[in-house]
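Single-letter residue listing:
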Amino acid sequence: MRAIFSFSLSALVSCGSLFLLGCDVGSSSAPGGNGGASAATGSGGSAASAAGNATQGGSPSSGGALGQAGSISSSGSAAGGALGQAGTGGVPGTAGSSSAGAGNSSAGAPSGDCSGALICDDFEAYTGTPGGPWKVTKTSFGNVSIDGTQHRSGTKAVKVTTSGGQDPDFYQLAYISVEKIFPVANNAFYGRMMMYVTKAANDGVHWTMIEGEGPAAQGITNALVRYGGQHQQRLMANYDSTGKASDCWQHSATKMPEAKWACMEWYFDGATNTQKFWLDGQAITDLTVTDEGEGCVSQGTGGKWIYPSFTRLNLGWGSYAKDDPREAWIDDVAVDTKRIGCPQ
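Please read these numbers as outputs of a predicted model, since none were measured by experiment. (Residues numbered from 1 in each chain as written. Predicted model: local features only at pLDDT ≥ 70, side-chain atom pairs only at ≥ 80, totals over all residues. Heavy atoms only, no water.)

A. Structural view of the overall build of the protein chain. When its secondary structure is counted, the protein chain shows one helix and 19 strands. Within the protein chain, the fraction of its 344 residues that count as buried is 54%. Here the contacts in the protein chain between residues at least 6 apart in sequence split such that 66% fall between residues at least 24 apart. As displayed, the protein chain offers around 13200 Å² of accessible surface, 53% of which is attributable to carbon and sulfur atoms. (Helix = DSSP H or I, 4+ residues; strand = E, 2+ residues; numbered from the N terminus. Buried < 20%, exposed > 50% of the residue type's maximum accessible area, 1.4 Å probe, protein only. Contact = heavy atoms within 4.5 Å. Areas by Shrake-Rupley, 256 points an atom, 1.4 Å probe, with all protein chains shown as cover.)

Structure representation (structure tokens):
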């Protein structure tokens, strides 16, 4: 991770090894729908209204599609009333129900069931370190183990720890990676993991939790599409490339949950240069990026986020500057070509 410079109106803000121009910008995303708006109430339960736009929440891949209408009665009772629109994920509604006429759009929400997905792992089958499709990778002053101290389901989870360091350019990394599911259809996939982070990185330290990578077009030897954070424990989307250098960012106003289990979902679409993020089932729209974010350190890509042909997914923790030791647990990971949702 190279140096990035950040200027506010009043001061030069140091960002560790990543100095971000516009570090404290909360969001530059255009407003969009939530992909799961309730049905409009009315006589007999009228049809739901469409929410969102094509960029944020209105596309079939991210929600916003209307559910199929049930039969409408004058009272909106057992015969139905129209369903609310599909929840985030764009899954069409099913048969009409009385609750749909009352404004309940939950019929279109993803179930959280990952059976049959490309990856569906609760890590109960492993001892020592994760096996099966997983490899322990990118460990630098970090460690990965199967641990029972924290677990979202069952009795085990993956624990990742980093040791901290004194050097400002001291990278601390601990990841598990999967390669065997790639390439995926249409070079696009959804993911979900439950994560427990004792404490996020110190202010100004860029960190990563979720990372997709692979070679890209236009002479880019490797492109990294990421979710993590940097300032005041706020979340951030990040794009970094080699061959043609970039290192770009998009900040969120949403903070990283600490000392509790959080459901993190993501969508990486290499065909449209798009990424999206959900936290505990709610779309974090200021982390939606299509083509470009708030800025880049280097301009090798002209500010564009040119996504890779994905060959690997990395999950864990990476701090890219001097930081305190970190520990986190990962459980109930799922990856598929459709949105899975949080576990019930």
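Moving on, there is more to tell.
B. Summary view of the environment of Pro 257. Mapped onto the fold, Pro 257 is located in the loop between strand E12 (248-255) and strand E13 (261-269). Here the alpha-carbon distance between Pro 257 and Leu 279, two residues 22 residues apart in the chain, equals 9.3 Å. With near-sequence residues (within four places) excluded, Pro 257 lies in contact with Val 197, Ala 262 and Leu 279.

C. View of the confidence of the model for the protein chain. Confidence in the prediction for the protein chain averages 76 pLDDT; 67% of positions are at 70 or higher. Confidence drops under pLDDT 50 across residues 1-107; counting only partners more than four residues distant or on other chains, this segment forms 267 contacts. (pLDDT = per-residue confidence, 0-100.)

D. Highlighting the environment of Thr 254. Assignment of secondary structure puts Thr 254 in strand E12. Expressed as a C-alpha distance, the spacing of Thr 254 and Gly 229, which sit 25 residues apart in the sequence, is 9.7 Å. Excluding its chain neighbours within four sequence positions, the residues that come into contact with Thr 254 are Gln 233, Arg 234, Leu 235, Leu 279 and Ile 284.

E. Main features of the nonpolar core. Counting 56 residues, the largest nonpolar core has Met 193, Met 209, Ile 210 and Leu 315 as its most contacted members. If we skip the residues at most four places from it in the chain, Ile 210 touches Met 193, Val 225, Arg 226, Tyr 227, Met 264, Trp 266, Phe 268, Phe 277, Leu 313, Asn 314 and Leu 315. Ala 157, Trp 261, Cys 263 and Cys 342 belong to the second largest nonpolar core, which has seven residues in total. (Core = buried A, V, L, I, M, F, W, Y, C linked by side-chain atoms within 4.5 Å.)

F. Structural view of the packing of aromatic side chains. On inspection of all chains with the given rule, the structure shows 16 aromatic pairs. Centre to centre, the rings of Trp 207 and Trp 317 are 5.5 Å apart; their planes meet at 10°, and the pair counts as stacked. Here Trp 317 lies in strand E18 (residues 312-319) and Trp 207 lies in strand E9 (residues 207-214), a separation of 110 residues in the sequence. Trp 317 carries the same exposure label as Trp 207, and that label is buried. One aromatic cluster is present, formed by Phe 182, Phe 189, Tyr 227, Phe 268, Phe 277 and Phe 310 through successive ring pairs. (Phe/Tyr/Trp six-rings, centres within 6.5 Å; stacked < 30°, edge-to-face > 60°.)

G. The arrangement of unusual backbone geometry in detail. Cis geometry is found at the peptide bond from Phe 182 to Pro 183, where omega equals 0°. Position of Pro 183 relative to the elements: it lies in the loop between strand E7 (172-178) and strand E8 (188-197). For Gln 233, which is not a glycine, the phi torsion comes out positive at approximately 65°. With respect to the helices and strands, Gln 233 occurs in the loop between strand E10 (222-229) and strand E11 (234-242). Take Gln 233: its relative accessible area is 18%, and that puts it in the buried class. Its identity is not glycine, yet Asn 273 carries a phi of approximately 55°, on the positive side. Tracing the backbone through its elements, the reader meets Asn 273 in the loop between E13 and strand E14 (274-279).

H. The sheet that holds strand E4 (residues 134-140), seen in detail. The strand order across the open sheet built from eight strands is E4-E7-E18-E9-E10-E11-E12-E17, with neighbouring strands paired in antiparallel fashion. The open sheet terminates on both sides in strands that have one partner only, identified here as E4 and strand E17 (295-296). Note: E11 against E12, five bridges, orientation antiparallel. What sits directly across from Ala 237, in E12, is Gln 250. (Pairing = 2+ DSSP bridges.)

I. Just the side chain of Arg 312, in detail. Tracing the sequence through the fold places Arg 312 in strand E18. Among the polar contacts listed, one links the side chain of Arg 312 to the side chain of Asn 314, at a separation of 3.2 Å. Contact partners of Arg 312, with chain neighbours within four places excluded, come to Thr 137, Lys 138, Ser 177, Val 178, Glu 179, Phe 182, Glu 211, Gly 212 and Glu 213. (Polar contact = N/O pair within 3.5 Å; in protein donor to acceptor, adjacent residues only side chain to side chain.)

J. Geometry of the state of the cysteines. Applying the stated criterion across every chain, the model contains three disulfides. Each sulfur in the disulfide pair Cys 114 and Cys 120 lies 1.9 Å from the other. Its S-S torsion of approximately 55° makes the covalent link between Cys 114 and Cys 120 right-handed. Looking at the protein chain, its bonded cysteines, counted consecutively from the start of the sequence, adopt the pairing 1-2, 3-5, 4-6. (Disulfide = S-S within 2.5 Å.)

K. Looking closely at the environment of Tyr 227. Inspection of the secondary structure assignment puts Tyr 227 in strand E10. On the basis of relative accessibility, which here comes to 1%, the residue Tyr 227 falls in the buried class. For Tyr 227 and Gln 275, which are 48 residues apart along the polypeptide, the C-alpha to C-alpha distance reads 9.4 Å. With near-sequence residues (within four places) excluded, Tyr 227 lies in contact with Thr 208, Met 209, Ile 210, Met 236, Ala 237, Trp 266, Phe 268, Gln 275, Lys 276, Phe 277 and Leu 287.

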